[in-house]
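Fold and geometry: a report
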Amino acid sequence: MNREQLAEKLVLWIRDRVQTAGLKGAVVGMSGGLDSSVLAVLCHRAFPQAMLGLLMPCHSSRQDEQHAQLIANKFSIVTKTVVLDAVFDGLLKTLPDDHEASTVSQLAQGNLKARLRMLTLYYFANQLNYMVAGSGNKSELSVGYFTKYGDGGVDILPLGNLAKGQVIELGVFLGIPQEIIDKPPSAGLWPGQTDEGELGLSYKELDHYLITGKAPDRIKQKIESMIALSSHKRQTPLVPDF
């Protein structure tokens, strides 16, 4: 399947999933990264008059917001901006005193940001009768590189069967600006944070293993361990079998 066929199949799939659920359109969180940009363009193709892109900065990089707006302008995507800085700060202050912002781990703070964005997405989805589309790809989902009930809290994952390299190829076809394609993948959860830095391996290494099943022993063991330890993030909550 070439990239044009893939794009068209994904557009039709998005449209079918939304309409089957009796909904009118799609809402997408636009972070300024490649995955969310590709997803926003596909959703806009599926619902040109019923797609909303949400920009949700939370002590975020100004460049990320500019890149998200660049996509919105280029593809004529309707957006709203909801600044979550004050909500995030207020929630941290509300939490118990022994977990003040100065001592809360980067991971806990980053996950809190992701979950605030999830709440915001579903607020607009409920208001508009839209479906929440998530930008997680196969590489991230396989090893649990997402926040449970954060960016993992969505209705559909149109890119969920595509490795990161395939998303890049699709982005090139769709006309995503090169500066977005070339920048280091990052969830933007704290200054200097990058996906590959957190993963401890490159997307190229991860993709190669997921596609071929082959990797040096060190890489293979690391990936298999990540897959096993994150299995709970890819299933519905467990209940006793008795």
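For the structure, see preceding data.
Just so it is clear, the model here is predicted, and its values are computed rather than measured.

Let's talk about the nonpolar core
Core analysis: the largest hydrophobic core is formed by 53 residues, its most contacted members being Met30, Val38, Leu42, Leu170 and Ile176. Broken down by element, this core gets its largest block of residues, eight residues, from helix H2 (residues 34-46). Excluding its chain neighbours within four sequence positions, the residues that come into contact with methionine 30 are Ser36, Ala40, Gly53, Leu54, Leu55, Ala68, Ile71, Ala72, Ile77 and Thr79. Core analysis: the second largest hydrophobic core is formed by 11 residues, Leu201, Tyr203, Leu206 and Ile219 among them.

Description of the pattern of salt bridges
Inspection of every chain in the model, using the stated rule, returns four salt bridges. In this structure, aspartate 16 and arginine 17 form a salt bridge, with 2.8 Å as the shortest nitrogen-oxygen distance. Of the residues examined, arginine 17 reaches a relative accessible area of 33% and is grouped as partly exposed. Across the salt bridge formed by glutamate 65 and arginine 62, the nearest N and O atoms sit 3.4 Å from each other. Within this pair, glutamate 65 and its partner arginine 62 are both found in helix H3 (residues 62-75), separated by three residues, close to a single helical turn.

Things to note about the sheet that holds strand E1 (residues 25-29)
Taken together, the four strands give an open sheet; going across it, the order is E3-E2-E1-E4, and neighbouring strands pair in parallel fashion. One side of each edge strand has no neighbouring strand; the edge strands of this open sheet are strand E3 (79-81) and strand E4 (130-133). Averaged over all neighbouring strand pairs, the angle between strand axes comes to 25°, with direction disregarded. Bridging between strand E2 (residues 51-55) and E3 involves three bridges; their strand directions are parallel. From the neighbouring strand, glycine 53 faces E3, where its bridge partner is threonine 79.

Thoughts on the environment of leucine 159
By the element assignment, leucine 159 lies in the loop between helix H6 (138-142) and helix H7 (164-174). For leucine 159, a relative accessible area of 0% gives the class buried. C-alpha of leucine 159 to C-alpha of leucine 52: the two residues are 107 residues apart in sequence and 18 Å apart in space. In this view, leucine 159 contacts Asp35, Val38, Leu39, Leu42, Ser135, Gly136, Asn137, Lys138 and Val167; residues no more than four positions away in its chain are not counted.

What to know about the packing of aromatic side chains
Counted under the stated rule, the structure contains one aromatic pair. A ring pair is formed by tyrosine 123 and phenylalanine 124, whose centres lie 5.3 Å apart and whose planes are at 90°; its orientation type is edge-to-face. What makes phenylalanine 124 buried here is its relative accessible area of 15%. Residue placement shows lysine 164 over the ring face of tyrosine 203; its charged tip is 5.2 Å from the ring centre. Of note, lysine 233 hangs over the ring of phenylalanine 146, and the distance from its end group to the ring centre comes to 4.8 Å.

Analysis parameters
Residues numbered from 1 in each chain as written. Predicted model: local features only at pLDDT ≥ 70, side-chain atom pairs only at ≥ 80, totals over all residues. Heavy atoms only, no water. Core = buried A, V, L, I, M, F, W, Y, C linked by side-chain atoms within 4.5 Å. Buried < 20%, exposed > 50% of the residue type's maximum accessible area, 1.4 Å probe, protein only. Helix = DSSP H or I, 4+ residues; strand = E, 2+ residues; numbered from the N terminus. Contact = heavy atoms within 4.5 Å. Salt bridge = Lys/Arg side-chain N within 4 Å of Asp/Glu carboxyl O. Pairing = 2+ DSSP bridges. Axes fitted to C-alpha atoms, helices over the stretch in contact; angles between N-to-C directions. Phe/Tyr/Trp six-rings, centres within 6.5 Å; stacked < 30°, edge-to-face > 60°. Lys NZ or Arg CZ within 6 Å of the ring centre and 35° of its normal.

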